[in-house]
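What follows is each chain in one-letter form.
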Amino acid sequence: MNKIWSITAILVGVISYSTISASLGLTPITILQYLVKFSQQNTSIAAIVQLKGLNLPRPKVTGNATIPLEFLDSGKAFTVTATLGKKSGIFLLDTGASTTIISTEKVKELGLIGKAVPKDLLTYAVAGDECPEMKANLHTLPVLKLDNVKVENLRGLEFTTTVMPEGLSGVLGMDILSNFDMEINPQTQELKLLSPTPISAANYDQAIPLKSKLGVMLAEVEINGKGPFIFMLDTGAESIFISQKLASQLNISAAERQEIRVQGFCGIEMAEYSALAKVRMGNYELTNLETVILDSPVLNLLEVDGILGQNFLNNYQQHWHFKQKKSGQFSSSGSLLLTH
């Protein structure tokens, strides 16, 4: 009997200081992230979408690759160039996305005909209340190639009521990435997708344990000397996000917060901008990092205290290892080694 997965899609905003960018994602239990850069006065988040009862098989992957990375809109999130069928495109590299997402523009270019997700399987919570009905299509995608890596039997979700940033064909999520040992070098802007190997004994004590939830990876993080708290690790998010509850636990005062207008998926919502004195994960610690404080169902759905984004992760070379499970199942755990 096939296991029926609950698919959760989350669209989240990102902090930056310039134009708009974005990220999405989903998975067997799926998270859709919709990333948008914002200035301190005007930012964006989108929505949380939950799709129940979709049965997504694990894709078949072969090969290894070394792939150049490009920054998305001069921000901190990375993109890669991939070939889907006979068409090339630019895709966001997103550990915060549990499943591959494809833009409506790319769907049309490839001539794909997907299956509409029934309305009774789709529920969502959004920022604002001026929203059309959320609509999603599930597509069987052509072979995807990343240098010498080939991905077959891949499913992709299209959200017809969302708009990706111009030039972005989609999002590569954990349904693909968790099949590999993944190395990200922000300094050389290089991604390596390698055959899975056990973490070496020499690095075991330095590696940060990861736990999977809804297809994405969670880890313990200490903030300002308190914690540990549970954070989702997200290469598609440019900044750190924390909940209002965590902000209160950290005693972030009103004087330390700056109100910002959030252009939500369905209208205007208010959030807050602040800074965190210390952020520590494992043996790795950084100081004075920007954060966005969300009073949003996004974090509640994941049951996490926050999202750890690129303003932390990009300070290190990242060596991601994922525990490989039997065919047809997704990684349930892993580890992350950070080096300078």
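Since this is a predicted model, take the numbers as computed values, not measurements.

### Points about the overall build of the chain
Here is step 1: The helix and strand inventory of the chain stands at five helices and 28 strands.
Here is step 2: Restricting to contacts in the chain with at least 6 residues of sequence separation, those with at least 24 account for 68%.
Here is step 3: Counting every atom, the chain has about 14200 Å² of accessible surface; 49% of that belongs to carbon and sulfur.

### Concerning the confidence of the model for the chain
Here is step 1: Across the chain, the average pLDDT comes to 79, with 74% of residues at 70 or higher.
Here is step 2: Residue range residues 1–48 is modelled with pLDDT below 50. Its contacts to residues more than four positions away, or to other chains, number 258 contacts.

### Here we look at the pairing of strand S18 (residues 190–194)
Here is step 1: Taking every second residue as pointing to the same face, the buried face of S18 carries Leu191 and Leu193, while none of Glu190, Lys192 and Leu194 on the other face is buried.
Here is step 2: One ladder, built from four bridges, connects strand S5 (residues 65–68) with S18; its direction is antiparallel. Each residue of the ladder has a partner; that of Ala65, found in S18, is Leu193.
Here is step 3: Sheet topology places strand S17 (residues 181–185) next to S18; five bridges connect them, and they run antiparallel. By the bridge assignment, Ile184 is partnered in S18 with Leu191.
Here is step 4: Counting the residues between successive antiparallel strands, the hairpin from S17 to S18 contains four residues, one of them, Gln189, with a positive phi of roughly 50°.

### What about the packing of aromatic side chains?
Here is step 1: Tallied over the entire structure, the rule returns four aromatic pairs.
Here is step 2: Between the aromatic rings of Phe71 and Phe78, the centroid separation amounts to 4.6 Å while the plane-to-plane angle is 25°, which identifies the pairing as stacked.
Here is step 3: Aromatic side chains Phe312 and Tyr316 sit 5.6 Å apart centroid to centroid with 45° between the ring planes, which places their arrangement in the tilted category. As far as burial versus exposure is concerned, Phe312 and Tyr316 are alike and both buried.
Here is step 4: An aromatic cluster is defined as three or more aromatic residues linked by ring pairs; in this entry it consists of Tyr284, Phe312 and Tyr316.

Criteria and thresholds
Residues numbered from 1 in each chain as written. Predicted model: local features only at pLDDT ≥ 70, side-chain atom pairs only at ≥ 80, totals over all residues. Heavy atoms only, no water. Helix = DSSP H or I, 4+ residues; strand = E, 2+ residues; numbered from the N terminus. Contact = heavy atoms within 4.5 Å. Areas by Shrake-Rupley, 256 points an atom, 1.4 Å probe, with all protein chains shown as cover. pLDDT = per-residue confidence, 0-100. Buried < 20%, exposed > 50% of the residue type's maximum accessible area, 1.4 Å probe, protein only. Pairing = 2+ DSSP bridges. Phe/Tyr/Trp six-rings, centres within 6.5 Å; stacked < 30°, edge-to-face > 60°.

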